[in-house]
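Chain by chain, the residues:
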Amino acid sequence: MRLTDFKVLSFDCYGTLIDWETGICAALQPLAARSGQAFTRDQLLESHARHEAAQEAATPELRYADLLARVHDRIAGEWGLAPDPEESRAYGLSVRDWPAFPDSAAALQYLKRHYQLVILSNVDRDSFKASNAKLQVEFDHIFTAQDIGSYKPDPRNFQYLIGHLAEAGIQRQEILHTAESLFHDHVPANRAGLASAWIHRRAGQPGHGATHAPEVMPHYDFHFTSLADMVQAHQNELA
């Protein structure tokens, strides 16, 4: 299997293109300071991961910015603090401040010359607009949790992707799903019969950061530690 076998790259956004772990840790600092506790970066990320997955499963209809506000309330409760509505609202809106990975924009601009680019993300449309501006590329299709009514790893999200691309004349075997999260993306991509590329941004770090550990270790067809490495592999194939 070669990268040049595909016509479409479907991307997870947060953790793959946008450095959500840096964004999450920055946005949790006011709450962490109010707690008086000294949390490590991984402790902050683990708290977010646990409460976000539970909230997404409980309220799949919630817009992501509103869901994040509830995640913030849950974390506050875990730390023995009263929720602060303004802090929680700010956490929900913090997506717009999360930075892109340094290689994302240039890599996407290169890949756009060779593929259709698609977003399949656990986000709402307004939040994604701010991220899209940082990525500096026009995606051919944008599919959000707000559009679908559920959050990955729900299989409905991948069915929605495959079905809508089929309406555009794109077959399942022409799609390469490209993502960091094994839990949110690679396990359900396997079940949906999609080839996948693991952009392993956390290579060399312990744990799973802002995502759950997967129930089973999924299969993936390509493995890169950055999007720049994926671009280099594509260039090598063309050469």
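Relevant structure appears above.
Here's what I pulled together on the structure shown here. (Residues numbered from 1 in each chain as written. Predicted model: local features only at pLDDT ≥ 70, side-chain atom pairs only at ≥ 80, totals over all residues. Heavy atoms only, no water.)

A look at the side chain of S104
For step 1, the next point in the chain: Within the secondary structure, S104 sits in helix α5 (residues 104-111).
For step 2, the next point in the chain: Polar contacts involving the side chain of S104 include one to the main-chain carbonyl oxygen of L17, which spans 2.7 Å.
For step 3, the next point in the chain: Residue contacts for S104: discarding those within four places in its chain leaves T16, L17, L135, R201 and L227. (Helix = DSSP H or I, 4+ residues; strand = E, 2+ residues; numbered from the N terminus. Polar contact = N/O pair within 3.5 Å; in protein donor to acceptor, adjacent residues only side chain to side chain. Contact = heavy atoms within 4.5 Å.)

Points about the packing of aromatic side chains
For step 1, the next point in the chain: All told, the structure shown has 9 aromatic pairs when counted by the stated rule.
For step 2, the next point in the chain: With a centroid separation of 6.4 Å and an interplanar angle of 80°, the aromatic rings of F6 and F222 are classed as edge-to-face. Placement of F6 in the segment before β1 (8-11) and of F222 in strand β6 (residues 222-224) is noted, with a sequence separation of 216 residues between them.
For step 3, the next point in the chain: According to the relative accessible area criterion, F6 is buried, its value standing at 7%.
For step 4, the next point in the chain: With a centroid separation of 6.3 Å and an interplanar angle of 65°, the aromatic rings of W20 and W98 are classed as edge-to-face. In this pair, W20 sits in helix α1 (residues 20-35) while W98 sits in the loop between α4 (85-93) and α5, placing the two residues 78 residues apart along the sequence.
For step 5, the next point in the chain: Look at W20 and you get buried, because its relative accessible area is 7%.
For step 6, the next point in the chain: Grouping aromatic residues by their ring pairs yields a cluster made of F6, F222 and F224.
For step 7, the next point in the chain: In this structure, R201 is placed above the aromatic ring of F101, and the distance from its NZ or CZ to the ring centre is 4.0 Å. (Phe/Tyr/Trp six-rings, centres within 6.5 Å; stacked < 30°, edge-to-face > 60°. Buried < 20%, exposed > 50% of the residue type's maximum accessible area, 1.4 Å probe, protein only. Lys NZ or Arg CZ within 6 Å of the ring centre and 35° of its normal.)

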